[in-house]
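Structural description and commentary
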Amino acid sequence: MKTILKSALTLLLMCPLGLLAQSTIQGTVTDAKTGMPLPGVNVVIEGTQNGSITDFDGHYSLSVQGSDPVTVVFSYLGYSTQKLETTVGSTLDVALQQKTASLDEVVLIGYGETTKQDATGAVDKISEESFNSGAITSPAGLIAGKSAGVLVTGSGAPGGGAAIRIRGGSSLSANNDPLIVVDGMPLDQRGVQGVRSQLNAINPDEVESFVILKDAAATAIYGSRASNGVILITTKKGSRSKDFTVSYDLKTSVSTVTDFVDILDADQLREIIETTPGTDPSLLGNANTDWQDEIYRTGFGNIHNLTATQGFENFYYRVNFNHTSQEGILKTDKYTRNALNLSFTQNLLDNDLELSVIGKGIINENDYADNGAIGAAVNFDPTQPVFDPSSPFGGYFEFRDGENQFQQATRNPVALLYQYKGEATSKRAIANFKADYKFRAVKGLRFNLNLGVDYAELEGSNFRPINSAIVLQDIPDQEFYSGINRNTLMDFYFNYKKPITSINTEVDLTAGHSYQEFYISSDSRFTKNNEWETRPTSINRNALESYFARASFDISNKYLISASYRRDGSSRFSEDNRWSSFPAVSVGWKIGNENFLKNSKVVSDLKLRAGYGVTGNQEIGRNYGYIGLYTPSIGGASVQFGDQFISTLRPEEFDENLKWEELKTYNVGLDFGFFKDRLTGSVNAYHRTTEDLLAEVPVPAGSNLSDRLVTNVGQTTSRGLEIGLSGDLVRNDNFNWNMSYNITFQELEITKLALGNNPNFFIPQGGISGGVGNMVQIWKEGYDPSTFFVFRQVYDESGNPVEGAYVDVNGDNTITEADRQPYKKASPDYFMGFTNSISYKNFNFDFTFRGSFGGYNYNNTKSNMGYLESATVHPQAYYTNLHTDALESNFVNSQFFSDYYIRSSDFIKLDNISVGYLIPYEKSSLRASFTVTNVLTITDYEGLDPEVFGGIDNNIYPRPRTYVLGLHYIF
């Protein structure tokens, strides 16, 4: 009956059309990148008022009189307008391209949203069309090089995460990671046990956008956790289209090693040993083994995504299943993820009430390799074979005396990999329930409730056979561990948004409350010498309660004023220091809306911003550093009374006056657009001061229960300039070329550190391999926290380093510790990103460069292996390998503190190149792509990779070059 009525109605509507001798133009409008239908697109015959909008399925139909060709205009918020000429009675399907910038684009902020033109803080949005391409397993990899002020340093390990620094970080000993909020759920900044990266729980293919809040005016509403910036991640939701749509995405990858550490081959080492007095060439073997080649491999990977979405009258959903499998280039290393991502949205009460559930269920499985094999492969004697049939250590060659291994010797790198089985499985669920209600009685008022949980369970084990040489070094042969992470959230807020016409002002008010609790427990047991030992259960728990408010005013669509306030209470601090306030205020002037620019054909947007705010940092490691705690002993630390062994309790150090860091930030910014936003950009300048700095410092013996203490001890000052540009070099119906560029200048200085007034006080940092307790970096007033602390090397007339000869800085004719000086730093002076996106009809081509300049690395691989005695002098009868630098420096003895090993880490990297082609069908589409990542590195640095987080280059996991074939099918 329903079908009959529809048919009758259709005929009834068609009769008048025929009587008036009209014809129709019809078709479907879709997103050019995803192929999804676009509802609500304006479709108009150019030069007339004759128009329509697309329905939920992206369909439209226009009635046109006459038979002459007409031009149809398609326009949609956030998309480039298209004009196409067609004949009456034809079918015209259109794929709209998303704009790279739009003033009306919605941008998330803390507990709410605004538009790009109304934002007064330093806020940057990175949408899906701008993401990096490739077989990316962690969301951080999507945004490397995409935003000014944001430095992302990735890992080469499979499933490895990345270190993210927004404006360089602000702390010393406290956590410098940004607060990450996923669909309104703030993640625990300490991470989750047993995973390579806690962001691996978020499927990168399900991420819709990142919003990066950089200055305190934007972040202060997150209060005590916002000193290092905030990243808001929004995942994809269902489509309102009534068509049931299924898509399948496949990325298959091949990863290869790009380079090896420069060490001697077997023949070179033999020549060194045979020509060095006092050595014994008989200790060398007869093999010619490339140990680095033995431990690395070509890694294969696959990423599968199966997604279904559909919309109904008042309900729509999205379901995604993801399977990721990625082998590491280090043998035996593998990462696997199976994840189910769900999103359900229900509208009730005539759309006044929106209920949504967002859920993510993730199983992360890791087969860990022994990363010690990387360093062992660089050090191990290349004249020795991999296998030894007479070896009691599973047939692997080891340095030994009969049945007894040499305790001090480097272990066989291949044996370290294959005689180790490390497994960990993490089961994690992240879920949000949100309710958003619009009050009919008070127009413009709504209530938002957000309930969230992030729960993870870990089970893992480590196993080594009893005949493994490393087990005989008093390392446990079996270990089982487990843990729980639980993060629960309840927050709500009221928002009132209404224009007050009498004063020509748009008012936006928000006030709310948040409570979040974090719980971590861990257990482990292990065997050593065939005896089981159990560590006491560790429980780590803390809570954060907050009240927040924000008021924003847009006056005459020209003048912006915004202020926020947050009051945080943390269980990590004593009652006297538990609560603190975090205010912020910012203003903006939309100069482009002034009469003298309103009709400008050159300036399409111009806005000046300024802001000030206070944020905090409470990530101090131990939860209760303000009270005395006691740690129970484990086996081997008991006291014997008669025939019984009594466990002991060890008191921990504490500071009863401990409180949070406080960061004060000033920011000035300018946003601009020219030539109808063909060229857009922003400039931000900031000045930040961190007070009551949390740092681990040495304290006088007897003044506390340890010689080191985490306390509020100092102050840092940082400043920077960030510039971001984006331009549409070409923009038309068939060919588009967008180019974006960002550059960041920054500097950070410790301005106070000592507990007293000693200006020469410093704290050594930056542990290195070689010797015992050697450190080559320094925290000292007046210097960057990553500054190196070394002797100034003396060179001969030929430019060669003179062994043991250093500059006598203080002029006392003796080289002592007083002559070690702060010299260079690891953090760059400036870094940049450069992206090009080119499309021609259904073809696209993208590539991204990144660069870093002004930073330095300490090459610890050279300093630890670049002198003769590192290979020839050992407490037992064996030899190790040398770095080829030993042939250049001719050092005989170690020179760990020479600035000879500090080298510029400047680089330019071609991060990725991607080409793709979209093949449209009637009701489906297929997109094929090919991507290469880590394509090229231009640098003078002589190490394996100039991009070293922290500046100490010592046997890092190499970043592979990866080739990725992608297929995306929508049907």
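Values in this document were obtained by computation on a predicted structure and should not be read as measured data.

Topic: a nonpolar patch on the surface
Taken together, the side chains of Tyr248, Leu306, Phe321, Leu340, Tyr840, Phe843, Tyr917, Ile919, Tyr921, Tyr969 and Phe971 make up a nonpolar region of the molecular surface, amounting to roughly 1,000 Å² of accessible area. Here leucine 306 shows up in strand β18 (residues 299-311). Since its relative accessible area comes to 45%, leucine 306 is described here as partly exposed.

Remarks on the confidence of the model for the protein chain
Per-chain confidence: the protein chain averages 89 in pLDDT, with 93% of residues scoring 70 or above. Ignoring residues within four places in sequence, the model shows residues 1-21, a span with pLDDT below 50, making two contacts including any to other chains.

Some details on helix α3 (residues 266-275)
Buried within α3 we find Ala266, Leu269, Arg270, Ile272 and Ile273. Seen from one end, α3 has its buried residues packed into an arc of 160°, which puts them on one side. Seen from the open side of α3, the exposed residues pointing more than 90 degrees away from its buried face are Glu271, Glu274 and Thr275. Contacts made by the buried residues of α3 are with α9 (869-872) and α10 (886-889). Two or three places before aspartate 267, at the start of α3, stands the capping residue aspartate 265, its side-chain oxygen 3.2 Å from that residue's backbone nitrogen.

Comments concerning the pattern of salt bridges
One pass over the structure, following the stated rule, counts 46 salt bridges. The shortest N-O distance in the salt bridge between lysine 590 and aspartate 554 comes to 3.0 Å. Within this pair, whereas lysine 590 is found in strand β30 (residues 579-590), its partner aspartate 554 is found in strand β28 (residues 531-555), the two being separated by 36 residues in sequence. With a relative accessible area of 3%, lysine 590 lands in the buried category. Overall, the relative accessible area of 11% leaves aspartate 554 in the buried class. Between arginine 719 and glutamate 747 there is a salt bridge; the shortest N-O distance is 2.4 Å. A residue pair is termed long-range when its members are at least 10 positions apart, and arginine 719 in strand β38 (residues 708-731) and glutamate 747 in strand β39 (residues 735-752) qualify at 28 residues. For arginine 719, a relative accessible area of 30% gives the class partly exposed. If you follow the salt bridges from partner to partner, you end up with Arg850, Lys909, Asp911, Asp945, Glu947 and Arg959 in one network.

Thoughts on empty space enclosed by the protein
Under the definition given, this model contains eight cavities of 30 Å³ or more. In this structure, the largest cavity occupies an estimated 700 Å³ of space. Of all elements in the fold, only β11 (150-154), β19 (315-327), β50 (907-920) and β51 (925-938) reach the threshold of two or more residues within the lining of the largest cavity. Take the lining of the largest cavity: its biggest share by element is three residues, from β50.

Some points on the pairing of strand β36 (residues 661-674)
Bridge count between strand β31 (residues 603-617) and β36: 14 bridges; the pairing is antiparallel. Pairing of valine 603 across the sheet is with phenylalanine 674, part of β36. As defined by bridge partners, β36 adjoins strand β37 (residues 679-698) across 13 bridges and the pair is classed as antiparallel. The residue bridging aspartate 671 from the neighbouring strand is serine 682, located in β37.

So, the packing of aromatic side chains
Each aromatic ring pair is specified by the distance between its two centres and by the angle formed by the two planes. Inspection of every chain in the model, using the stated rule, returns 40 aromatic pairs. Where phenylalanine 582 meets tryptophan 660, the ring centres are 5.7 Å apart and the plane angle is 80°; that geometry is what we call edge-to-face. Here the residue phenylalanine 582 occupies a position in strand β30, and tryptophan 660 occupies one in the loop between β35 (649-651) and β36, the gap between them amounting to 78 residues. Put simply, the rings of Trp291, Phe380, Phe397, Phe399, Phe406 and Tyr878 touch in pairs and so form one group of aromatic residues. Directly above the ring of tryptophan 532 sits arginine 525, whose terminal nitrogen or CZ lies 4.7 Å from the centroid.

Some points on the nonpolar core
Nonpolar side chains in soluble globular proteins tend to end up buried together. One finds Phe210, Ile231 and Ile233 to be the most contacted residues of the largest nonpolar core, which totals 27 residues. By residue number, the principal contributor to this core is strand β15 (residues 207-213), which donates three residues. Within the second largest apolar cluster, 25 residues are counted, among which are Ala377, Tyr396, Phe397 and Val414.

As for the sheet that holds β15
With mixed pairing, the five strands of this open sheet are ordered in space as β10-β15-β16-β13-β14. In this open sheet, the two strands that pair with only one neighbour each are β10 (123-127) and β14 (185-186). Sheet analysis places strand β13 (residues 179-182) next to β14, joined by two bridges and oriented antiparallel. Counted as the bridge partner of valine 181 is proline 186 from β14.

Describing the pairing of β51
As paired elements, β50 and β51 share 12 bridges and run antiparallel to each other. Among the inter-strand pairings, valine 915 is bridged to a residue of β51, identified as phenylalanine 930. Between β50 and the antiparallel strand that follows it, β51, lie four residues. With nine bridges connecting them, β51 and strand β53 (residues 961-970) associate as antiparallel partners. For arginine 927, the partnering residue across the bridge sits in β53 and is histidine 968.

Cut-off values and rules
- Positions within a chain are numbered from 1, following the residues in the order the chain's sequence is written.
- Whole-chain, interface and lining totals are the exception, using all residues; otherwise, since this is a predicted model, local features are given only for residues with pLDDT of at least 70 and side-chain atom pairs are given and counted only at 80 or more.
- Side-chain descriptors were evaluated using all non-hydrogen atoms of the structure, hydrogens and water having been removed beforehand.
- Surface patches are defined over residues having more than 30% relative accessible area and no salt bridge, joining like charges when they lie within 9 Å and nonpolar side chains (Val, Leu, Ile, Met, Phe, Trp, Tyr) when within 5 Å.
- For the accessible areas, the method is Shrake-Rupley and the probe is 1.4 Å, while residue cover comes only from the protein chains on display.
- The rule for a salt bridge is simple: a side-chain nitrogen of Lys or Arg has to be within 4 Å of a carboxyl oxygen of Asp or Glu.
- Helix and strand assignments come from DSSP, with helices taken as H or I runs of at least 4 residues and strands as E runs of at least 2, each series counted from the N terminus.
- With a 1.4 Å probe rolled over the protein chains alone, any residue whose accessible area is under 20% of its type maximum counts as buried; one over 50% counts as exposed, and the rest are partly exposed.
- A score between 0 and 100, pLDDT records how confident the predictor is in each residue.
- What makes two residues a contact is simply this: any of their non-hydrogen atoms within 4.5 Å.
- In this context, the arc is that of the directions from the helix axis out to the C-beta atoms.
- As used in this structure description, the phrase polar contact means that two N or O atoms lie within 3.5 Å; if the pair is within protein, one of them must be able to donate a hydrogen and the other to accept it, and residues adjacent in sequence are counted only when both atoms belong to side chains.
- A pocket here means an open set of points on a 1 Å grid, computed over the protein atoms alone, that has protein on both sides within 12 Å along at least five of seven lines. A cavity is instead a set of points where a 1.4 Å probe fits but cannot get out; residues with an atom within 4 Å of a point line either one.
- Grid points are joined across faces, edges and corners, and a volume is the space filled by probe spheres set on the points.
- When DSSP finds at least two bridges between two strands, those strands are taken to pair.
- Side-chain rings of Phe, Tyr and Trp (the six-membered ring for Trp) are treated as a pair once their centres are within 6.5 Å; stacked means planes under 30 degrees apart, edge-to-face means over 60, and tilted covers the remaining angles.
- Lysine NZ or arginine CZ positioned within 6 Å of the ring centre and within 35 degrees of the ring normal marks a charge as sitting over the ring.
- Working definition of a nonpolar core: buried Ala, Val, Leu, Ile, Met, Phe, Trp, Tyr and Cys residues. They are joined through side-chain atoms within 4.5 Å.

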